[in-house]
Amino acid sequence: MKQWVLGNKGYNRARIGLNGNNFLLANGYMGYRGTLEEYTKIQHTACTLTGIYDQLKGKWREPVNAPNGLFVKVYCNGKPVTVLDSNIKEHTQILDFKSAVHKRRTVLKIDHNEIIITSERFVSLHDLHLMCMRYSVSSLKNCEITIETGIDGDVWDINGPHLKNFSTRFNDNCLVLKAVTNEQKHTIAVVEGIKIKFGKHKINKRKKIITRLIEFEAEAGKEYTFSKYVSVFTTNDNVGDPVEAGFASIQNSLEQGYEKLLENHSNLWHKRWENADIIIDGDKKAQFAIRYSIYHLLAIAPVHSDKISIPARGLSSQVYKGAIFWDTELFMLPFFIYNFPQIARNLVKYRIHSLPGARQKAKEYGYDGAFYAWESQDNGKEACTHFNVIDVFTGRPLRTFYRDKQIHISADVVYGIWEYYKATGDEKILLEGGAEVILECARFYYSFAYFKKDKNRYEILDVTTPDEYHERVNNNPYTNRMIKYTADVAFETLELLKNKYNKVYKNLISKINFRDDIAKIKDLQKNLYISEPLKKTDIIEQFDNYLKLEDIDLKKLKSRIIKPNEYLGGPSGLATTTQIIKQADVILLLNQFKDEYSNQVKKANWEYYEPRTEHGSSLSTSMYSILAAHLRKTDWAYKYFMKTATIDLEGKYKQYVGTLYIGGTHPAANGGTWLAAIFGFAGLSFKNDKPLVNPKLPKKWKSMKFNTQIKGKRYSIEISKSKSKIVSV
Ligand code: IFM
């Protein structure tokens, strides 16, 4: 059981933010931070919604946080009894991630008395609009208790306030709080119902909050328990009136009761685990961290819609504008493709829906085709600003080039579509817009590429690469190879359509006027420059003239840091003039195209870039782990695997870049954990649509067991030190 429970004993104020991330509950529709019921926006309580964004003039556009329907505060003889106001005798917070249930138990001291608070809550996977909680209070001595519980609309916002026109109502024994977003005027409605058999009840309405005050004389030792049901609906949900939908949901919940709703929810979670679990024998820490990582991926997966995807900080807050990056395609999507293809399909479809935004961006920069947003939101338009980091020295915004120059994003989108298609055989995805995206991305790259006449080759100039510390560089091998890949995929797509869906092929070519592009992209595919390993050293230069930069030790570079959180990239960052890189870049290339490079080249590059990588991004360590496993550097592979797998558990990651808060969960690392276990240690690959393994288990691992699926067939795979077994199930 312990392997499924994250638990914290004792109370530590300094961990409020971290616990909010670590104990997150989510169901793909909304994420509820792991805060305590008495917390408010000060402690970053948030119920972050997917697919609904809002922007205030001059501020960043970001997801909307719904009013907090799980608010509860206890008073004893008129005094507040909370972890923030009282002496704490005992405190435990738990996340059972097998069932996605959050629990707390707190014993608080007040006036020679002790109040015991316990709660259990879940964000339902069975009914995505519903959160349920069971809350109990007891007192060591007789006393007068008041419980205040209801909906708190004064929400935490990073770039808000996003909600206005608040209205509150008490109807049919339900509390209702309604508000409207600034930009799109979406109504957000939270309805709360309660099952309670004690106390005198009063309704307390203020501008942004509506609560019930439940007063009673508590008898010593007696436990007073109630259950609470909270629904969240918005006009984005297409349910008619969100308040009416909320009433119906709460009525239904009250009828079914907490136990039944919990059973429905946990059954669905248990079913998910039957597909997704990885069982490790011999290493409890790794086992725990893998499951915890998978929990986070599952919690934030969009099960209900193909119009949304997974933001870089999941549903843990509004950080990074709730934007979707390449993190999804490169780091998270494979987990879904091989375990939950329907969810993978939703993620892929999101990019298809975003094609108009990508076309618009290409046009804005004077290119053809589709240039996907570096930071994408509900509408696929670019959300990344030109000034994404604040200089800690001057307090002024720094001009950054993620938005303009990180062009590999379009190829990453193509990679996602193609990987999904190859593993599922779902040709429909290509007919439903996937093919159009692929062709438009190839077209974008042709218009971006620079034909260098004297060398008779195309070069890719002035780009920002996965290592973001060196901006505006030339001929990054990852970017260039991914462009070639895009062209390859475009031709495979054309071939498939031409042979199997000729009418669709013709329609598409004429719809997007692609006839003349075919020869151009062929030329790009043939003559695109991709730098080769250097003869003497086998090193692949990360970009033109990278090796001429100062070759400095990472420690030495860090000793030059003057102010905490100073940005190492950008125009004057410390890393910019050196060979220190932020994250895996050439190493990523070698993982993605591992059959094209010898082990000698891989080894030389792993050893060259490893000491020069800062791992300033949560995306980095998994890539080093996978390549290390491939090279049978198993200890290194394990070290980087554990760094990835424990990133959220340990919480030692960067919280700020410049003055920008970047805390939250790290879904790309969660996905990277899975990638490193499956493609690194198990060495999973597919041949003729059948799985194969090439295991390199860490020393401690006696065995590893997991499932996978390809083209609709499921397999159970068991690897031990001496043998491997693959069984079709
Ligand atoms: O996509 C990443 C990027 O590679 C590094 N900075 C953070 C982004 C979001 O995770």
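Going by the structure above, here's the rest.
Rules and cut-offs
Residues numbered from 1 in each chain as written. Predicted model: local features only at pLDDT ≥ 70, side-chain atom pairs only at ≥ 80, totals over all residues. Heavy atoms only, no water. Helix = DSSP H or I, 4+ residues; strand = E, 2+ residues; numbered from the N terminus. Buried < 20%, exposed > 50% of the residue type's maximum accessible area, 1.4 Å probe, protein only. Contact = heavy atoms within 4.5 Å. Areas by Shrake-Rupley, 256 points an atom, 1.4 Å probe, with all protein chains shown as cover. Lys, Arg positive; Asp, Glu negative; His and termini not counted. Charge placed at Lys NZ, Arg CZ, Asp CG, Glu CD. Salt bridge = Lys/Arg side-chain N within 4 Å of Asp/Glu carboxyl O. Core = buried A, V, L, I, M, F, W, Y, C linked by side-chain atoms within 4.5 Å. Near = heavy atom within 4 Å. Polar contact = N/O pair within 3.5 Å; in protein donor to acceptor, adjacent residues only side chain to side chain. Nonpolar A, V, L, I, M, F, W, Y, C, P; charged D, E, K, R; others polar. Pairing = 2+ DSSP bridges. Axes fitted to C-alpha atoms, helices over the stretch in contact; angles between N-to-C directions. Parallel < 35°, antiparallel > 145°, perpendicular 65-115°, else oblique. Left-handed = near helix turned anticlockwise from the far one by under 90°. Phe/Tyr/Trp six-rings, centres within 6.5 Å; stacked < 30°, edge-to-face > 60°. Expected span 1.5 Å × (residues − 1).

Q: Before we go on, may I ask you to explain the overall build of the protein in this structure?
A: Of the regular secondary structure elements, the protein holds 20 helices and 30 strands. The principal-axis extent of the C-alpha atoms belonging to the protein is close to 90 × 60 × 55 Å. Looking at the 729 residues of the protein, the share that counts as buried comes to 64%. A fraction of 68% describes how many contacts in the protein between residues 6 or more apart in sequence connect residues 24 or more apart. A total accessible area of about 28,000 Å² is found for the protein, and carbon and sulfur atoms account for 49% of it. For the protein, the distance from the average position of its 106 positive side-chain charges to the average position of its 81 negative side-chain charges is 2 Å.

Q: How should the pattern of salt bridges be read in this particular structure?
A: Side chains carrying opposite charge are able to pair once their charged atoms draw close together. By the definition in use, this model includes 49 salt bridges. A salt bridge links Arg612 to Asp551; the shortest N-O distance between them is 2.9 Å. Here the residue Arg612 occupies a position in the loop between helix H16 (599–609) and helix H17 (620–630), and Asp551 occupies one in the loop between helix H13 (515–527) and helix H14 (554–559), the gap between them amounting to 61 residues. A salt bridge links Asp689 to Lys711; its shortest N-O distance comes to 3.0 Å. Of this pair, Asp689 sits in the loop between strand E26 (685–687) and strand E27 (690–692) while Lys711 sits in the loop between strand E28 (703–710) and strand E29 (713–720), and the two are 22 residues apart along the sequence.

Q: Help me out: how do you make sense of the nonpolar core in this one?
A: Soluble globular proteins tend to pack their nonpolar side chains together in the buried interior. Membership of the largest hydrophobic core comes to 211 residues, with the highest contact counts inside it found for Phe336 and Phe641. Sequence-distant contacts of Phe336, that is, excluding residues within four places in its chain, are made with Leu297, Ala301, Ile310, Pro341, Ile343, Ala344 and Leu347. Judged by nonpolar contacts, the second largest core, of 16 residues, contains Val101, Phe122, Ala189 and Val191.

Q: I tried to follow the site of the ligand on my own but got confused; where do I start?
A: For the ligand, the full set of nearby residues is Ala312, Tyr320, Phe325, Trp326, Asp327, Trp374, Glu468, Lys582, Gln583, Ser617 and Leu619. In the environment of the ligand, an oxygen atom lies 2.9 Å from a nitrogen or oxygen atom belonging to the side chain of Trp326. A distance of 3.4 Å separates a nitrogen atom of the ligand from a polar atom in the side chain of Glu468. Taken together, the residues that form the shell around the ligand break down as six nonpolar, two polar and three charged.

Q: What is the right way to read the sheet that holds strand E16 (residues 200–205) from this model?
A: Remark on secondary structure: sheet strands pair via backbone hydrogen bonds, oriented parallel or antiparallel. Here five strands make up an open sheet; going across it, the order is E7-E6-E12-E17-E16 and the pairing antiparallel. Single-partner strands in this sheet number two, and they are strand E7 (79–81) and E16. In this sheet, neighbouring strand axes are inclined to one another by 30° on average, regardless of whether the strands run parallel or antiparallel. Where E16 meets strand E17 (residues 209–218), six bridges bridge the pair, whose relative direction is antiparallel. The residue bridging Asn204 from the neighbouring strand is Thr211, located in E17.

Q: Sorry if this is basic, but what is going on with the environment of Lys511 here?
A: Within the secondary structure layout, Lys511 lies in helix H12 (residues 502–511). For Lys511, a relative accessible area of 58% translates into the label exposed. Between the alpha carbons of Lys511 and Glu436 there is a distance of 9.6 Å; along the sequence they are 75 residues apart.

Q: Even after reading the chapter, I still don't get the side chain of Asp157, so can you show me in this structure?
A: Mapped onto the fold, Asp157 is located in the loop between strand E12 (143–152) and strand E13 (163–171). It is Lys208 that comes nearest to the buried, bridge-free Asp157 among opposite-charge side chains, at 7.7 Å. A polar atom in the side chain of Asp157 sits 3.2 Å from the backbone nitrogen of His162. Within the structure, the side chain of Asp157 is placed 2.8 Å from the side chain of Gln318, a separation counted as a polar contact. Beyond its immediate chain neighbours, meaning those up to four positions away, Asp157 contacts Glu62, Asn65, His162 and Gln318.

Q: Where do I start with the sheet that holds strand E30 (residues 724–728) in this structure?
A: Ordered by their spatial adjacency, four strands build an open sheet running E19-E28-E29-E30, and the pairing between neighbours is antiparallel. Where the open sheet ends on each side, the last strands, each with one partner, are strand E19 (278–281) and E30. On average, each strand axis in the sheet is tilted by 15° relative to the strand beside it, whichever way the strands run. Summarising the sheet, E28 and E29 pair through eight bridges and their orientation is antiparallel. Bridge pairing in E29 links Ile710 to Lys713.

Q: It is not clear to me how the side chain of Arg104 should be interpreted in this structure. Could you clarify?
A: Positionally, Arg104 belongs in strand E9 (residues 101–110). Here the side chain of Arg104 touches Glu37 through a polar contact of 2.7 Å, side chain to side chain. Within the structure, Arg104 has its side chain in polar contact with the side chain of Glu38 (distance 3.0 Å). Residues in contact with Arg104, not counting those within four places in the same chain, are Leu36, Glu37, Glu38, Val83, His91, Thr92, Gln93, Ile117, Thr118, Ser119 and Tyr135.

Q: Just checking my understanding: could you explain the packing of helix H3 (residues 258–276) against helix H4 (residues 284–299) for this structure?
A: Two quantities define a packed helix pair, namely the angle between the axes and the distance from one axis to the other. Where H3 contacts H4, the axes come no closer than 11 Å and their chain directions differ by 120°. As summarised for this structure, H3 and H4 are arranged oblique, according to the angle between their axes. As for how H3 packs across H4, the hand of that crossing is right-handed. Between H3 and H4, the contacting residues are Trp269, Arg272, Trp273 and Ala276 on the first element and Arg291, Ile294, Tyr295, Leu298 and Ala299 on the second. Its residues placed into classes, the contact of H3 with H4 shows seven nonpolar, no polar and two charged.

Q: What is the right way to read unusual backbone geometry from this model?
A: With the exception of glycine, the majority of residues adopt a negative phi angle, and the majority of peptide bonds are in the trans configuration. Here the bond from Gly160 into Pro161 is cis, since omega is 5°, no more than 30 degrees from zero. The residue Pro161 is located in the loop between E12 and E13 in this model. A positive phi angle is found at Ala100, which is not glycine, with a value near 55°. The topology assignment puts Ala100 in the loop between strand E8 (87–96) and E9. For Ala100, a relative accessible area of 2% translates into the label buried. Not every positive phi belongs to a glycine, and His615 is a case in point at roughly 55°. As for its placement among the helices and strands, His615 is situated in the loop between H16 and H17.

Q: What's the story with the packing of aromatic side chains in this structure? I'm lost.
A: Both the distance between ring centres and the angle between the ring planes are used here to describe each pair of aromatic rings. Taken as a whole and assessed by the stated rule, the structure comprises 47 aromatic pairs. Here the aromatic rings of Phe641 and Phe681 are separated by 5.3 Å at their centres, their planes lie at 70°, and the arrangement is edge-to-face. Note that Phe641 is positioned in helix H18 (residues 634–645) and Phe681 in helix H20 (residues 667–681), a separation of 40 residues in sequence. On the accessibility criterion, Phe681 (0% relative accessible area) is buried.

Q: Before we go on, may I ask you to explain helix H11 (residues 477–500) in this structure?
A: Think of an α-helix as turning once every 3.6 residues; residues three or four places apart then point the same way. The terminal C-alpha atoms of H11, which comprises 24 residues, lie 34 Å apart, in line with the 34 Å expected from a rise of 1.5 Å per residue. Most of H11 is tucked away, with 18 of its 24 residues classed as buried.

Q: What's the story with the pairing of E8 in this structure? I'm lost.
A: A regular strand places its side chains on the two faces of the sheet in alternate fashion. Where strand E1 (residues 5–9) and E8 come together, five bridges link them in antiparallel fashion. Its bridge partner being in E8, Asn8 is matched across the sheet by Gln93. When E8 meets E9, the two strands line up antiparallel, connected through nine bridges. Counted as the bridge partner of Asp96 is Val101 from E9. The loop that links E8 with its antiparallel partner E9 comprises four residues; one of these, Ala100, has a positive phi angle of about 55°.

Q: Before we go on, may I ask you to explain helix H2 (residues 242–256) in this structure?
A: Relative to the 21 Å expected for 15 residues at 1.5 Å per residue, H2 spans 21 Å between its end C-alpha atoms, a close match to the ideal helical length. Listed as buried for H2 are Pro242, Val243, Ala245, Gly246, Phe247, Ser249, Ile250, Ser253 and Leu254. Tucked into the core, H2 has its buried residues touching strand E11 (130–139), E13, strand E14 (174–181), strand E15 (187–195), strand E18 (224–234) and H3. Capping the start of H2, Asp241 holds a side-chain oxygen 2.9 Å from the backbone nitrogen of Val243, two or three residues further along. Backbone geometry just after H2 places Gly257 at a positive phi near 85°.

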